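One-letter residues, chain by chain:
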Amino acid sequence: MDSRVSELFGGCCRPGGGPAMGGTLKARGAGGSSGCGGPKGKKKNGKNRGSKANNPPYLPPEAEDGNIEYKLKLVNPSQYRFEHLVTQMKWRLQEGRGEAVYQIGVEDNGLLVGLAEEEMRASLKTLHRMAEKVGADITVLREREVDYDSDVPRKITEVLVRKVPDNQQFLDLRVAVLGNVDSGKSTLLGVLTQGELDNGRGRARLNLFRHLHEIQSGRTSSISFEILGFNSKGEVVNYSDSRTAEEICESSSKMITFIDLAGHHKYLHTTIFGLTSYCPDCALLLVSANTGIAGTTREHLGLALALKVPFFIVVSKVDLCAKTTVERTVRQLERVLKQPGCHKVPMLVISEDDAVTAAQQFAQSPNVTPIFTLSSVSGESLDLLKVFLNILPPLTNSKEQEELMQQLTEFQVDEIYTVPEVGTVVGGTLSSGICREGDQLVVGPTDDGCFLELRVCSIQRNRSACRVLRAGQAATLALGDFDRALLRKGMVMVSPEMNPTICSVFEAEIVLLFHATTFRRGFQVTVHVGNVRQTAVVEKIHAKDKLRTGEKAVVRFRFLKHPEYLKCSSIVIKYSELFCIVLQVRIESETALLS
């Protein structure tokens, strides 16, 4: 990781930053990218029909784990076979945390056989019965003709099966929105969540701003959250159809929570806090087509890489530029993504079929980076982004989720409010375990290192009531009459059985990725450890007096104000406006990051 981030920050600014890795994936038609198995060609009547000779004969072999299932055909199965198929569907839905993809007309080894129209109709009817049995809904994503030894036209069909788990209200996906100032981040979110195009002067973003100075300047300085829902049929549910967030949650089977972060360099510490504290599943990096990679774009890209947050790219404002300008910006992005500091494979999305392919490839391979080109004013290609978000599966598997839920409760405090007639309310993310209404927890550490007892009175997710909170979910917890003055951002609420430990001093093995001069004893930097953000001083650099760019050493840090709750597996980021350093850190053999 240190070489990747150092090359990005230290080498990407220079022309000719290294050899490119692979080529750009342009998944045209039904399967231009590897593993899609479709023909290249134009769309006709909503379905892809191209030269049969261009069809790859195989998909990757079916995996036992994961949410993708291959079926050659499902024609009139016996009752015993039908029950077995239903059990198999439940397993795939569990693996996909509520979503599964069925490829009909494909053998288990990935051979694209295809089915005649009558057999395909019967297979889809059986699949519909299976979905009804488990309480799921199905949506046909695409149909593709295949070349097989038959005079009768044969095709395969890709079907999305979606079922909200019994212990959840909806499927949830958190997307952090990154990009340089004035690239159109808030405007794009306003268009997606409000359902109305922008007027070209920023009208769509007004509902997203939280402060008067943000409205006056048009620049985001704080972290805000917006939601976009999809029903079981894949249709968009937003404020154009619903008046309140509660109605959106009730009508949606899948919810996308956008974390709108600041783009200006002055607010970079806020962006870092949002990435480390709110644990996004993936990130959307917005790039303006008329300015290209400018300002904080490289820094945001580097943060996403260092924190191992998968990301996709949206090129906005294409209505303001000539086609050649948009193409030049895309080529610029492709060069940066292919450089040794990134090692990504760009995938340009130009059709609805590409969006389906991009969502699947993005979930399966961390190296694939989809690129969208769209406009928030004209609405060009906006539907492709919606298709991508609708199909994009959860990026964590069910086993990891179950392991987290079996651990003791740990809730990170990111926000603190006082609500009339409710009392003190804290917002944040449940890192592990399960939290229920009425649970007795302890919160801390305080300035003197103590933990205080409290009770969870009620829970809300996306502004709607929720009785049970599970690991990985973000929510607000009402604490009744608990004194707000005793709370601060960076605290944790944990189960009393955890016996939490705190520290004022910690050591880390660091790699100095970039610094204009030297890094030495006595430096003060801001430390980001999950939701913790506090100034720390460098007490000692083992075996060395100072560090220069590219050097590694074990460094001892001390928090200046009060002790903090730290875990060895925490991601750490250090940032200093004065020194502009980026460090990769390992705390007790666990990976972390300092900038």
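This structure is a prediction, so every number in the text was calculated from the model and none was measured. (Residues numbered from 1 in each chain as written. Predicted model: local features only at pLDDT ≥ 70, side-chain atom pairs only at ≥ 80, totals over all residues. Heavy atoms only, no water.)

(A) Seen up close, the nonpolar core. Within the largest apolar cluster, 39 residues are counted, with the highest numbers of intra-cluster contacts made by Leu-188, Phe-258, Phe-312, Val-314, Leu-385, Phe-388 and Leu-389. For this core, the element with the most residues is helix H11 (residues 382–391), which contributes 7 residues. The residues that make up this core include at least three from each of domain 1 (68–163) and domain 2 (171–395). Judged by nonpolar contacts, the second largest core, of 34 residues, contains Ile-223, Leu-285, Phe-311 and Val-326. (Core = buried A, V, L, I, M, F, W, Y, C linked by side-chain atoms within 4.5 Å. Buried < 20%, exposed > 50% of the residue type's maximum accessible area, 1.4 Å probe, protein only. Helix = DSSP H or I, 4+ residues; strand = E, 2+ residues; numbered from the N terminus. Domains from an automatic or database assignment.)

(B) Just the pattern of salt bridges, in detail. Using the criterion set out here, one finds 16 salt bridges in the structure. Of the charged contacts, one joins Lys-155 and Glu-143 as a salt bridge, the two residues approaching to 3.3 Å between their closest N and O atoms. With Lys-155 in strand S7 (residues 154–162) and Glu-143 in strand S6 (residues 137–146), this pair connects stretches of sequence that are 12 residues apart. The exposure classification of Lys-155 matches that of Glu-143, with both residues buried. Across the pair Glu-539 and Arg-558 runs a salt bridge, and its minimum N-O distance is 2.3 Å. Here Glu-539 is found in strand S29 (residues 532–541), whereas its partner Arg-558 is found in strand S31 (residues 552–559), with 19 residues between them in sequence. Note on Glu-539: relative accessible area 23%, which makes it partly exposed. Several salt bridges share partner residues, and in doing so they unite Arg-142, Arg-144, Glu-158 and Asp-353 into one network. (Salt bridge = Lys/Arg side-chain N within 4 Å of Asp/Glu carboxyl O.)

(C) Local environment of the pairing of strand S5 (residues 99–104). Most of S5 is tucked away: 6 of the 6 residues are buried. For strand S4 (residues 68–71) and S5, the ladder comprises 4 bridges, and the chain directions are parallel. Within the sheet, the bridge partner assigned to Glu-69 lies in S5 and is Tyr-102. Each parallel crossover has a hand, and for S4 linked through helix H2 (residues 79–95) to S5 it is right-handed. (Pairing = 2+ DSSP bridges. Right-handed = clockwise from strand over helix to strand, strands pointing away.)

(D) Focus on helix H4 (residues 185–194). By the criterion of burial, H4 is predominantly enclosed, with 10 of the 10 residues buried. If you check which residues of H4 are buried, you get Lys-185, Ser-186, Thr-187, Leu-188, Leu-189, Gly-190, Val-191, Leu-192, Thr-193 and Gln-194. Where H4 is buried, its residues contact strand S8 (171–179), strand S9 (224–230), strand S11 (254–260), strand S12 (282–288), strand S13 (311–316) and H11. A positive phi of about 80 degrees marks Gly-195, the residue just after H4. (Contact = heavy atoms within 4.5 Å.)

(E) Structural detail: the environment of Leu-261. Inspection of the secondary structure puts Leu-261 in the loop between S11 and helix H7 (268–277). For Leu-261, a relative accessible area of 0% gives the class buried. The spacing of Leu-261 and Phe-273 is 12 residues in sequence and 9.4 Å in space, taken between C-alpha atoms. Setting aside residues up to four positions removed in sequence, Leu-261 forms contacts with Ala-176, Val-177, Leu-178, Lys-185, Thr-220, Ile-223, Thr-271, Gly-274 and Leu-275.

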